[in-house]
Amino acid sequence: MSNVLDHPVPAAPAPPAVRRARRPRRIEPSQRTLVSPHSLRSRRGRIVYWTVLTLTILIFTLVFVFPLYWMVTGAMKSSSELVRLPPTLFPEHPHPEVYKKAWSQMDLGRYMLNTFIYALGAWLLQLAVDVSAAFALSKLRPMFGKLVLGGMLLTLMIPPTVLLLPAYLTVRDIPILHLNLLNTPWAIWLPAAANGFNIFLLKRFFDSIPSELLEAAAIDGASAPRMLWSIILPVSRPILGVVSIFAVVNVWKDFVWPLLVIPDTNRMPVSVAISQLSQEMPQNVLIAALVIASIPAVAIFFLFQRNIMAGLTAGGLKG
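Caption draft 1: Geometry of the overall build of the protein. Counting secondary structure elements, the protein contains 16 helices and zero strands. Among the 319 residues that make up the protein, the fraction classed as buried is 29%. A separation threshold of at least 6 residues defines the contact pool for the protein, and within that pool the share at least 24 residues apart is 70%. Roughly 21,500 Å² of accessible area belongs to the protein as shown, and the carbon and sulfur atoms make up 68% of that amount.

If you want it as structure tokens, here you go:
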């Protein structure tokens, strides 16, 4: 009989957890990237990654910021330097006092106040109409609600220039009431009240809010306006911020419609007033006026750009 010790004893099979740990990790197709994780963990991979990322950010920043820089520095150049070829990157003899000259000579304070009034009224009226319409389409679900929403979305496919003539005729003679709204703020406020794009954004956000909240409020005896004010609006601040920014910026930068409905010089918004006075002013003064007029819109974008992205991507409540 041979000794049992002369034969090697086979090793016990590894536990399932150990066998799974020894297997190479499988990378799902959705996790595969152009550069492998192993390459990114190496020193050379990290250097290449951060170099490409930094260059990309710098290039895109220059592309978007350079027009602003060119406008701000162009106002401080003399008229002869503005038309020089090749153009100078920075003013040889800066004249920052041209901004004060543009403010006083073009009376920008009055025109910017007019624009602020138009933007404020359009913002308030647009919030009242668009929020109510989106709430009704999302939560109240009236008869033919989908048809109404489809009609609103169809208006986004119509070029704005096509709507100028019928909108102008409507503002000049309001149906049934027969009122002429030309040279009044209502000529800007009323057409801006109903915005199909904003209603669509608000409805999509309201759809993500659980209906159980409204059902519980209805059991407690809350009416539809009470639900909108106490439940919907407090959780909809991100999307309300987005709609508010769009409403203010659209009115602030609008040119063609105010040119048609506000012919009175004293009531013009700043965009129309600069265009009307451009023939009487030197080019550098005109550029300085454009810089001053664009400061509010640019400041709103830079201050609230994070809110814009958050509002467009945010959902309602979780759980």
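Caption draft 2: Layout of the packing of aromatic side chains. Under the definition given, this model contains five aromatic pairs. Ring geometry for Phe66 against Tyr69: centres 6.1 Å apart, planes inclined by 40 degrees, an arrangement best described as tilted. You can see Phe66 and its partner Tyr69 sitting in helix α3 (residues 43–75), three residues apart, about one turn around the helix. Residue Tyr69 is classed as partly exposed on the basis of its relative accessible area, which comes to 31%. Each member of the aromatic cluster is reached from another via a ring pair, and the members are Phe66, Tyr69 and Trp70. A cation over an aromatic ring shows up here: Lys77 above the ring of Trp70, its NZ or CZ 4.2 Å from the ring centre.

Caption draft 3: Structural detail: unusual backbone geometry. Pro86 follows Leu85 through a cis peptide bond whose omega is -5 degrees. Located in the positive-phi region is Ile176, a residue other than glycine, with phi close to 70 degrees. Considering the arrangement of structural elements, one finds Ile176 in the loop between α8 (160–172) and α9 (186–193). We note that His178 has phi near 55 degrees; this positive angle belongs to a residue other than glycine. Mapping His178 onto the fold places it in the loop between α8 and α9.

Caption draft 4: Quick look at the environment of Ala75. Here Ala75 is to be found in helix α3. With relative accessibility at 0%, the residue Ala75 sits in the buried group. For the pair Ala75 and Leu290, spaced 215 residues apart in sequence, the C-alpha to C-alpha distance is 9.1 Å. Setting aside residues up to four positions removed in sequence, Ala75 forms contacts with Val98, Tyr99, Asn284, Ile287 and Ala288.

Caption draft 5: Region of interest: the layout of surface pockets. Roughly 1,300 Å³ of internal volume is contained in the largest pocket. What lines the largest pocket is a set of 32 residues, and nearest its centre among them are Leu163, Pro191, Ala192, Ala194 and Asn195. Elements supplying a minimum of two residues to the lining of the largest pocket: α8, α9, α10 (196–207), α13 (237–253) and α14 (256–261). Here the lining of the largest pocket gets seven residues from one element, more than from any other, and that element is α8. Per-class residue counts for the lining of the largest pocket are 22 nonpolar, eight polar and two charged.

Caption draft 6: Geometry of the side chain of Asn114. Here Asn114 is to be found in helix α6 (residues 108–140). Owing to a relative accessible area of 13%, Asn114 belongs among the buried residues under this scheme.

Caption draft 7: Expanded view of the packing of α6 against helix α12 (residues 224–235). Interhelical geometry of α6 versus α12 gives an angle of 100 degrees and a closest axis separation of 11 Å. One element, α6, and the other, α12, form an angle in the roughly perpendicular class. Across from Val131, Phe135 and Leu140 in α6, the residues of α12 making contact are Ala224, Met227, Leu228, Ile232 and Leu233. Classifying every residue of the contact of α6 with α12 gives eight nonpolar, no polar and no charged.

Caption draft 8: The arrangement of the nonpolar core in detail. Ranked by size, the top nonpolar core spans 39 residues in total, and within it Tyr99, Met106, Leu108, Ile188, Val270 and Ile274 carry the most contacts. Put simply, the parts of the chain that give this core at least two residues each are α5 (97–105), α6, α9, α13, α14, α15 (270–277) and α16 (283–313). Top contributing element to this core by residue count: α16, with eight residues. Excluding residues that lie within four positions of it along the chain, Tyr99 makes contacts with Met71, Val72, Ala75, Met76, Ala288, Val291 and Ile292. Grouped together as the second largest cluster of nonpolar side chains are 24 residues, Leu127, Phe205, Leu228 and Ile232 included.

The rules behind the values
- Residues numbered from 1 in each chain as written.
- Predicted model: local features only at pLDDT ≥ 70, side-chain atom pairs only at ≥ 80, totals over all residues.
- Heavy atoms only, no water.
- Helix = DSSP H or I, 4+ residues; strand = E, 2+ residues; numbered from the N terminus.
- Buried < 20%, exposed > 50% of the residue type's maximum accessible area, 1.4 Å probe, protein only.
- Contact = heavy atoms within 4.5 Å.
- Areas by Shrake-Rupley, 256 points an atom, 1.4 Å probe, with all protein chains shown as cover.
- Phe/Tyr/Trp six-rings, centres within 6.5 Å; stacked < 30°, edge-to-face > 60°.
- Lys NZ or Arg CZ within 6 Å of the ring centre and 35° of its normal.
- 1 Å grid on protein atoms, 1.4 Å probe; cavity = no way out; pocket = protein on both sides within 12 Å on 5 of 7 lines; lining within 4 Å.
- Points joined across faces, edges and corners; volume = space filled by probe spheres on them.
- Nonpolar A, V, L, I, M, F, W, Y, C, P; charged D, E, K, R; others polar.
- Axes fitted to C-alpha atoms, helices over the stretch in contact; angles between N-to-C directions.
- Parallel < 35°, antiparallel > 145°, perpendicular 65-115°, else oblique.
- Core = buried A, V, L, I, M, F, W, Y, C linked by side-chain atoms within 4.5 Å.

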